[in-house]
Amino acid sequence: MNTSTSDTQQGVGGFLGWVERSGNKLPDPVVLFFWLIVGLVAISILASLTGVSASHPTQVDPETGVNRIIAATSLLSGDNLAKLWVDMPKTFTHFHPLGYVLVVMLGAGVAERAGLFGTAMRAGVRDVPKALLTPTVVLVGMLGNLAADAAYVVLIPLAGIIFHAAGRHPIAGIAAAFAGVSGGFSANFLPGQLDALLFGITEASVETVFGDFTANIAGNWFFIVGMTFVFLPVIWAVTDRIIEPRLGVFDPELAAATGAGDDGARALTAAERKGLRNAGWAVLFVIGLWTFFTIGPGTPLIDESASAEAQMAPFYKSLVAAFFVLFLLSGWAYGKGAGTVENHRDLVKMMTGAMEDLAYYLVLAFVAAHFVAMFSWSNLGLILAVHGADFLGSTNMPAWALLTSIILVSSLLNLFIGSASAKWALIAPVMVPMLMLLGISPEMATAAYRVGDGATNIITPLMVYFPLILIFCQRWQSNFGLGSLAATMLPYSIGLLLSGLAMTIFWVVLDLPLGPGASVFYTL
């Protein structure tokens, strides 16, 4: 490679250059949350001294018969200091996203390390007719989000190789795959790890104001399926009509490593095909098992004694375990067929490796958990939500306009903070309760955030995989710089943002269900 990544970053001007320089000045999200906690303590002291308060939207004082007044509380008060130091282990371990993500990743780690995810993606894009190459790569990219990091490191470079083999520009393939994997980060046919992560934060945010609340991990299921069908033609059109014509004819002389990694496009071996068949049977078994638990004798996943709207609650709560079992059994079945799993010790080693990969997330979750909890202890989350809801209610903005503003804010914030969980943990404690007070459900707030978060993933240099994608491009065009990649991905970003906004407005206006048991609107 003739041009290093660091060299390509020098001299980048304009808006993208400003984004890169500004974002690089921000601390790591872990340290950022630490400083946010320091700022929160200072604000809580000031708010307590000045008597900042709000009427609780749902709790009534039995003595007066009016809504209870909630006053801001200093985080340096005796009670709050006791909570901080005495309940620190509880605050961390009871952070809802932590349990959700750890359970799902135990299974997903087996599926990834056994090779199921990588082989399934290769099988999905090999031997595809040239006319359908772009949509196939994009669709596999969006579905590959279930595989988390594997989609970035397997599919994106593979797309460049396959496009080149088909006589098309390899960087167009990389761009299409990147747009599918990262721009369509939330689009999928099934809920997965991201749903567990985001809805865990949503659940914690609701509880800071309204007490016990159980998030439905399938609460965006229909919405993310809709995103898949909306984003697929957008990325397809941008690739074939804008990006590839702009790239022109591929010049092999510019390639630093043409053909590097061609082994990724090889035909599947007999063992790999056997592994995929085994995995398919395992998936059907898990689906059948959960169907039996739901409608079989005793209906253990249906609470027939509850009200009609709450009878499916056990089923929704079980979906985290369902995805754990699904990934674990399908990964094990694939590994036995493909020869990548020999015994139970291999399974344990793969699950251990998955937990090792989550080391950084555990550190981030520790500070995020305390930020969310301390926001609740100070009562600032409730007060801001109530006053924010009063202000927005006075503007008489329709629900679709409110959610449009949420999408735009999250897309802008994404330019500076790449982590989806860090951004949501930062804004959800205020945004979710505030929208609930305006009659918008936690599921709809989460869906709107997802639209904005994905749209700008592919143009910010602060996204953790952005430098890696640049290196993939430089294998085929050694003078391809940071600005080149950002300019290539910008049309995708605009297309995804506009189509995502249109889809959200459509969903809200028609009041379509977001998932099983999840609606756009919410009544306290």
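Residues numbered from 1 in each chain as written. Predicted model: local features only at pLDDT ≥ 70, side-chain atom pairs only at ≥ 80, totals over all residues. Heavy atoms only, no water.

1. Focus: the overall build of the protein
- Looking only at helices and strands, the protein has 22 helices and two strands in total.
- Buried residues in the protein amount to 54% of all 524 residues.
- Put simply, of all contacts in the protein between residues at least 6 apart along the chain, 81% involve residues at least 24 apart.
- Just so you have it, the protein exposes about 21,800 Å², and 66% of that area is on carbon and sulfur atoms. (Helix = DSSP H or I, 4+ residues; strand = E, 2+ residues; numbered from the N terminus. Buried < 20%, exposed > 50% of the residue type's maximum accessible area, 1.4 Å probe, protein only. Contact = heavy atoms within 4.5 Å. Areas by Shrake-Rupley, 256 points an atom, 1.4 Å probe, with all protein chains shown as cover.)

2. Quick notes on a nonpolar patch on the surface
- A cluster of nonpolar side chains, Val-31, Phe-34, Trp-35 and Val-38, forms an exposed patch at the surface whose accessible area comes to about 390 Å².
- Relative to the helices and strands, Val-31 is located in helix H3 (residues 29–49).
- For Val-31, a relative accessible area of 37% gives the class partly exposed. (Patch = residues over 30% accessible without salt bridge, like charges linked within 9 Å, V, L, I, M, F, W, Y side chains within 5 Å. Salt bridge = Lys/Arg side-chain N within 4 Å of Asp/Glu carboxyl O.)

3. Section: the nonpolar core
- Ile-156, Phe-178, Phe-223, Trp-424, Met-444, Met-489 and Tyr-492 are the most contacted members of the largest nonpolar core, which totals 167 residues.
- Once residues within four sequence positions are removed from consideration, Trp-424 is found in contact with Leu-198, Ile-201, Thr-202, Pro-429, Met-431, Val-432, Ala-445, Thr-446 and Tyr-449. (Core = buried A, V, L, I, M, F, W, Y, C linked by side-chain atoms within 4.5 Å.)

4. Re the side chain of Ser-441
- Along the chain, Ser-441 falls in the loop between helix H19 (420–437) and helix H20 (442–455).
- Here Ser-441 falls in the buried class, since its relative accessible area comes to 1%.
- A distance of 3.1 Å separates the side chain of Ser-441 from the backbone nitrogen of Met-444, its partner in a polar contact.
- A distance of 2.6 Å separates a polar atom in the side chain of Ser-441 from the backbone oxygen of Ser-519.
- When residues no more than four places from it in sequence are discounted, the contact partners of Ser-441 are Leu-514, Ser-519, Val-520, Phe-521 and Tyr-522. (Polar contact = N/O pair within 3.5 Å; in protein donor to acceptor, adjacent residues only side chain to side chain.)

5. Brief notes about the packing of helix H12 (residues 221–247) against helix H22 (residues 482–510)
- Direction vectors running N to C along H12 and H22 enclose 150°, while the axes themselves pass 9 Å from each other. By the angle between their directions, the pair H12 and H22 is classed as roughly antiparallel. Between H12 and H22 the crossing geometry is right-handed. (Axes fitted to C-alpha atoms, helices over the stretch in contact; angles between N-to-C directions. Parallel < 35°, antiparallel > 145°, perpendicular 65-115°, else oblique. Left-handed = near helix turned anticlockwise from the far one by under 90°.)

6. Re the layout of surface pockets
- Roughly 860 Å³ of volume is contained in the second largest pocket.
- Elements supplying a minimum of two residues to the lining of the second largest pocket: helix H7 (116–125), helix H8 (133–143), helix H13 (270–295) and helix H14 (313–338).
- At ten residues, H13 tops the list of elements feeding residues into the lining of the second largest pocket.
- Of the residues in the lining of the second largest pocket, the class split is 25 nonpolar, six polar and no charged. (1 Å grid on protein atoms, 1.4 Å probe; cavity = no way out; pocket = protein on both sides within 12 Å on 5 of 7 lines; lining within 4 Å. Points joined across faces, edges and corners; volume = space filled by probe spheres on them. Nonpolar A, V, L, I, M, F, W, Y, C, P; charged D, E, K, R; others polar.)

7. A closer look at the confidence of the model for the protein
- Overall, the prediction assigns the protein a mean pLDDT of 83, with 89% of residues at 70 or greater.
- A low-confidence stretch, residues 1–12 stays under pLDDT 50, and its non-local contacts, those more than four residues away or across chains, total 23 contacts.
- Here residues 257–264 scores under 50 on pLDDT; set against residues more than four positions off or in separate chains, the count is twelve contacts. (pLDDT = per-residue confidence, 0-100.)

8. Things to note about empty space enclosed by the protein
- Summed over all chains, the structure comprises one cavity of 30 Å³ or more.
- By volume, the largest cavity amounts to about 50 Å³.
- Every residue along the wall of the largest cavity is listed here: Phe-95, Leu-197, Ile-201, Tyr-361, Leu-364, Ala-365, Ala-368, Ser-421, Ala-422 and Ala-425.
- Those elements giving two or more residues to the lining of the largest cavity turn out to be helix H11 (193–210), helix H16 (359–378) and H19.
- The leading source of residues in the lining of the largest cavity is H16, at four residues.

9. Thoughts on unusual backbone geometry
- A positive phi angle is found at Asn-379, which is not glycine, with a value near 70°.
- Among the structural elements, Asn-379 can be located in the loop between H16 and helix H17 (380–394).
- The class of Asn-379 is partly exposed, set by a relative accessible area of 22%.
- For Asp-511, which is not glycine, the phi dihedral falls at a positive 50°.
- Overall, Asp-511 belongs to the partly exposed group, its relative accessible area being 40%.

10. Structural notes on H7
- With seven of ten residues buried, H7 lies mostly within the body of the structure.
- Within H7, the full set of buried residues consists of Leu-116, Phe-117, Gly-118, Thr-119, Met-121, Arg-122 and Val-125.

11. Here's the deal with the packing of aromatic side chains
- All chains considered together, the criterion is met by eleven aromatic pairs.
- With 5.5 Å between their ring centres and 65° between their planes, Phe-33 and Phe-371 make a pair best called edge-to-face. Of the two residues, Phe-33 sits in helix H3 while Phe-371 sits in helix H16, which places them 338 residues apart along the sequence. Across the pair, exposure class does not vary: Phe-33 and Phe-371 are buried alike.
- Ring pairs connect the aromatic residues Phe-33, Phe-371 and Phe-375, which therefore count as one cluster. (Phe/Tyr/Trp six-rings, centres within 6.5 Å; stacked < 30°, edge-to-face > 60°.)

12. Observations concerning the pattern of salt bridges
- The tally for this structure, following the rule as stated, stands at four salt bridges.
- In this structure, Arg-450 and Asp-195 form a salt bridge, with 2.9 Å as the shortest nitrogen-oxygen distance. Note that Arg-450 is positioned in helix H20 and Asp-195 in helix H11, a separation of 255 residues in sequence.
- Given a relative accessible area of 2%, Arg-450 falls into the buried group.
- A salt bridge links Lys-423 to Asp-453, with the shortest nitrogen-to-oxygen separation between them at 2.8 Å.

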